[in-house]
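So the chains spell out like this:
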Amino acid sequence: MSEVNREELRKRLEGESLIERIGYRQKVAILSKKEVIAKGAKIRRENRLASDIEDKMRHPQFGFHCLHYSVSEAAGVLRVKIINKTGNECTVGVKTIDAEAESPGDYIAVDQVIEFEQGTKEAEISIVIVDDDAWEPDEDFFVQLYDVGTKQDLKGEDTRCRVTIMDDDRPGQLVFSEKKSLKHPADAKECIVGVERIHGCDGVITVKYKTIVFDRVKNKALPDRDFTHVEGTLTFKHNETRQDIIVPILKREDEDENTVRDEIFGVKLFDADPSIVKISKKDTCIVEIVTDAERKKQAEALQQLLDRINREEHTSWG
Ligand SMILES: [Ca+2]
Ligand SMILES: [Ca+2]
Ligand SMILES: [Ca+2]
């Protein structure tokens, strides 16, 4: 649903009383400043009761007890109370209306007729709230009373009730495993750039990556000469906390055993999805292709030793 449609829907559902609505909205803005709630927490909260509004704003016969509930995603079921003000034998229809929260992804829609017996002043309906692992903003749906005969919505400020579903999932943040620059030995063919998902691992998230050339750097590494350009999308499944980007490193054509390699390029992360997933301020990992001097020395020493053994064998047996 587009933002405009949502806004229109909300206007229709929140009724005509502009002054009341502004006051209420400010209150709700404070209340619904996205609260951090523990995963799996069962929260059911009544934010605003029908008794808070003036009598003349209410329907004479039927109404909700509470006009705005907040419920955590993991609450399982929300029970919504409907009042039969006269206590007479009568019927009323009650149905849910999607807004940002939609049935059946976020909750299970209800449309039923409630039959009050003589003297019964209250009834409850149960609405199932659907839990998942995906991050979402806090989302609303509405519950509406209607006339069973005409199917028309009942008039009055207490004949619709708003339900806010509070999300409890943390998709996490993305950082490179290597906090400084990654020194990659030139003779190792694959450079592995690790990406860690921290502070939460709920739901599936993705992030794009690509290698980049540092144009203004003197010893910049170039694609097809020093490394192979790669780009793509990393997908972290639910509970997955690490993914690797693999960049093929090339042997330079002009390279011989005296060449000392020292070139740099970058691997950049961008466009995380959902966009609430933060990428570390350091969104580019610097890779330094280096000749491993220590390893080279060891290899040379080993070669000298082998040569000597060879020579000695020749002397002894030759
Ligand atoms: Ca949901
Ligand atoms: Ca959840
Ligand atoms: Ca969720």
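See the structure printed just above.
Summarised in this report is the structure supplied together with it. In every chain, residue numbers begin from 1 and rise along the written sequence. Chain labels run from A onward and ligand labels from 1 onward, assigned in the order the entries are written. Only residues with pLDDT of 70 or above have their local features reported here, since the model is predicted, and side-chain atom pairs are shown and tallied only from 80 upward, although totals for entire chains, interfaces and linings are computed over all residues.

For two strands to pair, DSSP has to find at least two bridges joining them. Starting at the N terminus, helices and strands are each numbered in turn, a helix being any DSSP run of H or I of at least four residues and a strand any DSSP run of E of at least two. Read from one edge of the open sheet, 5 strands run S11-S18-S16-S13-S14, paired in mixed fashion. For this open sheet the edge positions go to strand S11 (182-185) and strand S14 (231-236), each flanked by a neighbour on one side alone. Adjacent strand axes in the sheet meet at a mean angle of 30° when their direction is disregarded. Here S11 runs beside strand S18 (residues 284-290); their pairing, made up of 4 bridges, is parallel. From the neighbouring strand, histidine 184 faces S18, where its bridge partner is isoleucine 289. Lines are fitted to the C-alpha atoms to define the axes, a helix being fitted only along its stretch in contact, and any angle between axes, read from their N-to-C directions, falls within 0 to 180 degrees.

Moving on to unusual backbone geometry. Cis geometry is adopted by the peptide bond preceding proline 104, which originates at serine 103 and carries an omega value of 0°. Position of proline 104 among the secondary structure elements: in the loop between strand S5 (90-98) and strand S6 (111-116). In this structure, the amide linkage connecting aspartate 273 to the following residue, proline 274, adopts the cis form with an omega of 5°. The topology assignment puts proline 274 in the loop between strand S16 (262-273) and strand S17 (278-279). With a phi close to 65°, lysine 151 is a non-glycine residue in the positive phi region. By secondary structure assignment, the location of lysine 151 is in the loop between strand S8 (139-146) and strand S9 (160-166).

Looking now at the sheet that holds strand S4 (residues 77-84). Taken in spatial order, the 3 strands line up as S2-S4-S7 in an open sheet, and their pairing is antiparallel. Each end of this open sheet is capped by a strand with a single partner; those strands are strand S2 (62-64) and strand S7 (122-128). Neighbouring strand axes in the sheet, compared pairwise and without regard to direction, differ in orientation by 30° on average. As judged from the 3 bridges shared by S2 and S4, these two strands associate in the antiparallel manner. Bridge pairing in S4 links phenylalanine 64 to isoleucine 82.

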